[in-house]
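# Structural description and commentary
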Amino acid sequence: MTKMIEVKPVFKGNVARSVNPAGCHQEILNQIKYVEAKGRYEGPKKVLILGASSSYGLATRITTAFGARADTIGVSFERGPKDEEKLGSAGWYNNIYFRQEAEKKGLIAKNFIGDAFSNAMKEQVIDYIKTEFGGKIDLLVYSLASPKRIDPNEPEKVYTSVIKPIGQSVSGKNINLETETLDDVTIEPANDQEIADTIKVMGGEDWEFWIDALKAADVLANGFKTTLYSYIGTDVTDAFYHSGTLGQAKTDAEKHAHAIQNKINRAFYNQVSQILLAN
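Residues numbered from 1 in each chain as written. Predicted model: local features only at pLDDT ≥ 70, side-chain atom pairs only at ≥ 80, totals over all residues. Heavy atoms only, no water.

### Digging into the sheet that holds strand β4 (residues 71-76)
Put simply, the rule reads: The pairing criterion is simple: DSSP has to find at least two bridges between the two strands. Runs of H or I in DSSP of at least four residues are treated as helices and runs of E of at least two as strands, each being numbered from the N terminus. An axis is simply a line fitted to the C-alpha atoms; with a helix, the fit covers only the stretch in contact. Between two such axes, the angle follows the N-to-C directions and lies from 0 to 180 degrees. When checking whether two residues touch, look at their non-hydrogen atoms; a contact exists if any pair is within 4.5 Å.
As summarised here, the arrangement of the five strands in space is β5-β4-β3-β6-β11, forming an open sheet in which the pairing is parallel. Of all strands in the sheet, those with a lone pairing partner are β5 (109-113) and β11 (220-228), marking the two edges. Put simply, the sheet's adjacent strands are angled 15 degrees from each other on average, direction ignored. Looking at chain direction, β4 and β5 are connected through five bridges and run parallel. Residue pairing across strands places Val75 opposite Phe112, the latter belonging to β5. Here helix α2 (residues 55-68) sits on the sheet in contact with β3 (46-50), β4, β5 and β6 (137-142), set at roughly 170 degrees to β4.

What follows is the structure in structure tokens.
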């Protein structure tokens, strides 16, 4: 006998704490339908997406799979169902339904659930690329959004990210879905430690760590590309996004982007030099 679970909306402030698995499946189908209606395009064929279970990461995974027919690996930190009464997170079901739909098209859709910041996850993904994913990837998309990061080399250090203004408090209106009210709120400015921690979590350090690990394992294809999604936003949110702690993190990501580009360029030039010397 199948037990029916009544799904009710549960909110904490303006964050939804409940999930409707059927709704997640339908939204995946909606996005796939939209992408397929745009037609096929020539794009990457072996894609690794860090932060693949929702938002821009999920959209990228759907676009590359159903637009360019790419095999994909998705890494995300999601909560699975605990029992018959407690359902998993929305991202948990997004991963499952994406994989089901991709496999119907004959595509590989591997899901890794765990801490993308950890060395252990990097090792698992690299091993999978080598043994079951054709040995190389041609695109890495870094789309992680996390409230905290455990230092991979010093596990006792935990960095916590915040979305706050810098140097001044900011007041404005906020929609409270829990109470269905429009509230006046004030966000206090971040202190130096909060700014530094947000950079550690949302900046580009881990992105470069991933590139270093993948490059050292020789799993980057010729012509490999990588991107990290940034965000500017509107004037309404500028004080605590682009001009706030998140903006500082994105500035750090740009710094690491230049370092990554230099490493990729050097690897390309070394390959060309070896080919010329061999001939």
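We are not done yet, so read on.
### Considering the environment of Ile264
Locating Ile264 in the fold gives a position in helix α7 (residues 245-278). Placed 187 residues apart in sequence, Ile264 and Phe77 show a C-alpha to C-alpha distance of 28 Å. When neighbours within four sequence positions are excluded, Ile264 is seen to be in contact with Phe224 and Thr226.

### A closer look at the pairing of β6
The line we're drawing: Partly exposed describes any residue whose relative accessible area lies between the buried limit of under 20% and the exposed limit of over 50%, with all areas from a 1.4 Å probe on protein chains only and scaled to the type maximum.
A large share of β6 lies buried, amounting to five of its six residues. Pairing analysis gives four bridges linking β3 to β6, with the strands arranged parallel. Bridging across to β6, Ile49 finds its partner in Val141. Judged from the five bridges that link them, β6 and β11 form a sheet pairing that is parallel.

### Let's talk about helix α1 (residues 21-37)
For an α-helix, 3.6 residues make a turn, and residues three or four places apart therefore share a direction. Under the convention used in this document: The span one expects for a helix is its residue count, reduced by one, times 1.5 Å. As used in this structure description, the phrase polar contact means that two N or O atoms lie within 3.5 Å; if the pair is within protein, one of them must be able to donate a hydrogen and the other to accept it, and residues adjacent in sequence are counted only when both atoms belong to side chains.
Helix length check: α1, at 17 residues, gives a terminal C-alpha distance of 25 Å against a target of 24 Å (1.5 Å per residue), a fit within 8%. Tucked into the core, α1 has its buried residues touching α2 and α3 (90-104). Capping the start of α1, Asn20 holds a side-chain oxygen 3.0 Å from the backbone nitrogen of Ala22, two or three residues further along. A positive backbone phi angle near 95 degrees is found at Gly39, which sits one or two residues after α1.

### A word on the packing of α1 against α3
So the rule is basically this: Every angle not falling under 35 degrees, over 145, or within 65 to 115 is termed oblique; those three ranges are roughly parallel, roughly antiparallel and roughly perpendicular. In this scheme the handedness of a crossing depends on how the near helix is turned from the far one: anticlockwise by less than a right angle means left-handed, clockwise means right-handed. Nonpolar residues are Ala, Val, Leu, Ile, Met, Phe, Trp, Tyr, Cys and Pro. Charged residues are Asp, Glu, Lys and Arg, and all others, Gly as well, are polar.
Contact pair α1 / α3: the axes reach a minimum separation of 9 Å and the direction vectors enclose 50 degrees. In terms of orientation, α1 lies oblique with respect to α3. For the pair α1 and α3, the crossing hand works out as right-handed. Where α1 approaches α3, its residues Pro21, Cys24, His25, Ile28, Leu29 and Ile32 are matched on the opposing element by Ala90, Tyr93, Asn94, Tyr97, Phe98 and Glu101. Broken down by class, the residue content of the contact of α1 with α3 amounts to nine nonpolar, two polar and one charged.

### A look at the packing of aromatic side chains
Where we set the bar: To pair, rings of Phe, Tyr and Trp, with the six-membered ring standing in for Trp, must have centres within 6.5 Å; the planes then decide the type, stacked if under 30 degrees apart, edge-to-face if over 60, and tilted in the middle. Whether a charge lies above a ring is judged from NZ of Lys or CZ of Arg, which has to be within 6 Å of the ring centre and within 35 degrees of the ring normal.
Counted under the stated rule, the structure contains five aromatic pairs. Considering the side-chain rings of Tyr56 and Tyr229, the 5.8 Å spacing of their centres and the 45 degrees angle between planes classify their relative orientation as tilted. Residue Tyr56 is located in helix α2, and its partner Tyr229 is located in the loop between β11 and α7; the two are separated by 173 residues in the primary sequence. Between Tyr128 and Phe133, the aromatic rings sit 5.9 Å apart at their centres with planes inclined by 35 degrees, giving tilted as the arrangement. Judged by its relative accessible area of 0%, Phe133 falls in the buried class. Taken together, the ring pairs connect Phe112, Tyr128 and Phe133 into an aromatic cluster. The ring centre of Phe133 lies 4.5 Å from the NZ or CZ of Lys46, which sits over that ring. Residue placement shows Lys110 over the ring face of Phe112; its charged tip is 5.1 Å from the ring centre.

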